[in-house]
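Survey of secondary and tertiary structure
So the chains spell out like this:
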Amino acid sequence: MKKNVLITGTSTGVGFETAILFAKNNYKVYATMRNLKKADNLKKKITEENLDIAILPLDVTKLNSIKSTVETIIEKDGKIDLLVNNAGAGFAKTTEQASEEEIRWVTEVNYHGVVFCTQVVLPYMRKQKSGQIISITSVGGLVGQPFNELYCGAKFAVEGFMEGLATYVSDAFNIKISCVEPGGIATEFMTSAIEKTAVEGQFATGEYLPIFERYMAGNQKRAGESKTSVYQTGLEVAEVILEVAKNEHPPLRIRTSQWAKDFCNLKTKADPDGTKIVQQIRASFL
Ligand SMILES: NC(=O)c1ccc[n+]([C@@H]2O[C@H](COP(=O)([O-])OP(=O)(O)OC[C@H]3O[C@@H](n4cnc5c(N)ncnc54)[C@H](OP(=O)(O)O)[C@@H]3O)[C@@H](O)[C@H]2O)c1
């Protein structure tokens, strides 16, 4: 029987490419999205390339929606081999200027969504005594960046959550845990973030504005000077996710490009892929 995979956030970007790539690599794919009206592009690919992909509804912020879709998959296949927590949303604004609603939303989509999806699939993987959970975090899950602290905070939370899980579910239940950490990806992500948060094209106002402008000018200069490309395509990131899925012993942390590795180097030098910390915590606590 084919391995199956549940992927969240497949309407665009990395999720879309991951669904197609996994189907081409002999996975039975459950491509989920919160808004099925956005499924047309994926449906077209499925028909054109005769792909084994079922599209199902799933909003990562709604526990009932996750449970109902996971139950549908279990009724069909009796198992879930792999969960890819991909759904997420960009957000850039100073903490002072973000509303309560925005702060709750960025945390819910990027962090609680991962926790809820993981919580719902874990009992099945535990009973199967096998499974794999891959969460797409970001270099922003390792390094805090200006005007991005609320998004980074949520991605740091995912990294902590996954690290904690990795210390015991792998040994006890054979469930592999990994974070895939991209730098910039040329997807809908930035456009969505700008639409959602920017006021007249700016992520900051008042006394923050000159700092923001300095930050943007610096970004452009660094991108121009960088020897390695900052931006990857969604497909390039999907290829890394597939590599992690195929790895018998995947590490906890994988950055997806040379740029992402270089960017996080100062923070991750002592333990680039998280193997040492997981081993040390296991040895000390379990
Ligand atoms: N692009 C980057 O520069 C970048 C860098 C580092 C990490 N990442 C991470 O990579 C992952 C994929 O992002 P992407 O670049 O592919 O961006 P994207 O094209 O904007 O895709 C994000 C996906 O998440 C979905 N989503 C948002 N809220 C959701 C919810 N409540 N329930 C279910 N799905 C929801 C979106 O659905 P809708 O179409 O309905 O909104 C969309 O399918 C995210 O976790 C992101 O944080 C992105």
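To be clear, the structure that these remarks concern was listed above.
Notes on the structure follow. (Residues numbered from 1 in each chain as written. Predicted model: local features only at pLDDT ≥ 70, side-chain atom pairs only at ≥ 80, totals over all residues.)

1. Comments concerning the sheet that holds strand 6 (residues 175–181)
Pairing within the open sheet is parallel, and its seven strands lie in the order 3-2-1-4-5-6-9. The open sheet is flanked by strand 3 (53–57) and strand 9 (253–255), the only strands paired with a single partner. The average undirected angle you get between the axes of adjacent strands in this sheet is 20°. The pairing of strand 1 (residues 3–7) with strand 2 (residues 27–33) spans five bridges and is parallel. In the strand pairing of strand 2, Lys 3 is matched with Tyr 27. (Pairing = 2+ DSSP bridges. Helix = DSSP H or I, 4+ residues; strand = E, 2+ residues; numbered from the N terminus. Axes fitted to C-alpha atoms, helices over the stretch in contact; angles between N-to-C directions.)

2. Details of the packing of helix 1 (residues 13–24) against helix 9 (residues 234–246)
At a closest axis distance of 8 Å, the pairing of helix 1 and helix 9 adopts a crossing angle of 55°. As summarised for this structure, helix 1 and helix 9 are arranged oblique, according to the angle between their axes. The two elements helix 1 and helix 9 cross, and the hand of that crossing is right-handed. Touching Gly 13, Val 14, Phe 16, Glu 17, Thr 18, Leu 21 and Phe 22 of helix 1 are Gly 234, Leu 235, Val 237, Ala 238, Glu 239, Ile 241 and Leu 242, all from helix 9. Residues belonging to the contact of helix 1 with helix 9 are distributed by class as follows: nine nonpolar, three polar and two charged. (Parallel < 35°, antiparallel > 145°, perpendicular 65-115°, else oblique. Left-handed = near helix turned anticlockwise from the far one by under 90°. Contact = placed C-beta atoms within 7 Å. Nonpolar A, V, L, I, M, F, W, Y, C, P; charged D, E, K, R; others polar.)

3. Brief notes about the site of the ligand
What surrounds the ligand is a group of 30 residues, the closest being Gly 9, Gly 13, Ala 87, Gly 88 and Phe 189. Looking at the shell around the ligand, the elements with two or more residues in it are helix 1, helix 4 (100–128), strand 7 (184–185) and helix 7 (189–197). With three residues, helix 1 is the single largest residue contributor to the shell around the ligand. Residues belonging to the shell around the ligand are distributed by class as follows: ten nonpolar, 16 polar and four charged. (Near = placed C-beta within 6 Å.)

4. Topic: helix 9
Think of an α-helix as 3.6 residues a turn; residues three or four steps apart then line up on the same face. Along its 13 residues, helix 9 runs 19 Å from first to last C-alpha, staying within 8% of the 18 Å computed at 1.5 Å per residue. Residues of helix 9 that are buried include every one of Gly 234, Val 237, Ala 238, Val 240, Ile 241, Val 244 and Ala 245, and no others. Angular distribution of buried residues about the axis of helix 9 spans 155°; they occupy a single face of the element. (Expected span 1.5 Å × (residues − 1). Buried ≥ 20, exposed ≤ 12 C-beta atoms within 10 Å, placed from the backbone. Arc of directions from axis to C-beta.)

5. What about the pairing of strand 3?
When a strand is regular, its side chains alternate between the sheet's two faces. Here strand 2 pairs with strand 3 via five bridges, running parallel. Paired with Val 29 across the two strands is Ile 53, which belongs to strand 3. A crossover links strand 2 with its parallel partner strand 3, the connecting element being helix 2 (residues 40–49), and its sense is right-handed. (Right-handed = clockwise from strand over helix to strand, strands pointing away.)

6. With respect to unusual backbone geometry
Despite not being glycine, Asn 26 has its phi angle at roughly 70°, a positive value. Along the chain, Asn 26 falls in the loop between helix 1 and strand 2. On the basis of neighbour count, Asn 26 is assigned to the exposed category, with 9 C-beta atoms found within 10 Å. Even without a glycine there, the phi angle at Lys 129 is positive, about 60°. Positionally, Lys 129 belongs in the loop between helix 4 and strand 5 (131–136).

7. Re the environment of Ala 89
Looking at where Ala 89 falls in the secondary structure, it is placed in the loop between strand 4 (82–85) and helix 4. Residue Ala 89 is classed as partly exposed on the basis of its 19 C-beta neighbours within 10 Å. Residues Ala 89 and Trp 105, 16 residues apart in the sequence, show an inter-C-alpha distance of 9.4 Å.

8. A word on the nonpolar core
Counting 65 residues, the largest nonpolar core has Val 5, Ala 19, Val 29, Leu 83, Cys 117, Val 180 and Ile 241 as the members making the most contacts within it. Sort the elements by how many residues they give to this core and helix 4 lands first, with nine residues. Apart from residues no more than four positions distant in its own chain, Ala 19 is found in contact with Ile 7, Thr 10, Val 29, Ala 31, Leu 42 and Ile 53. Listed in part, the six residues of the second largest apolar core include Val 139, Leu 142, Ala 260 and Cys 264. (Core = buried A, V, L, I, M, F, W, Y, C linked by C-beta atoms within 7 Å.)

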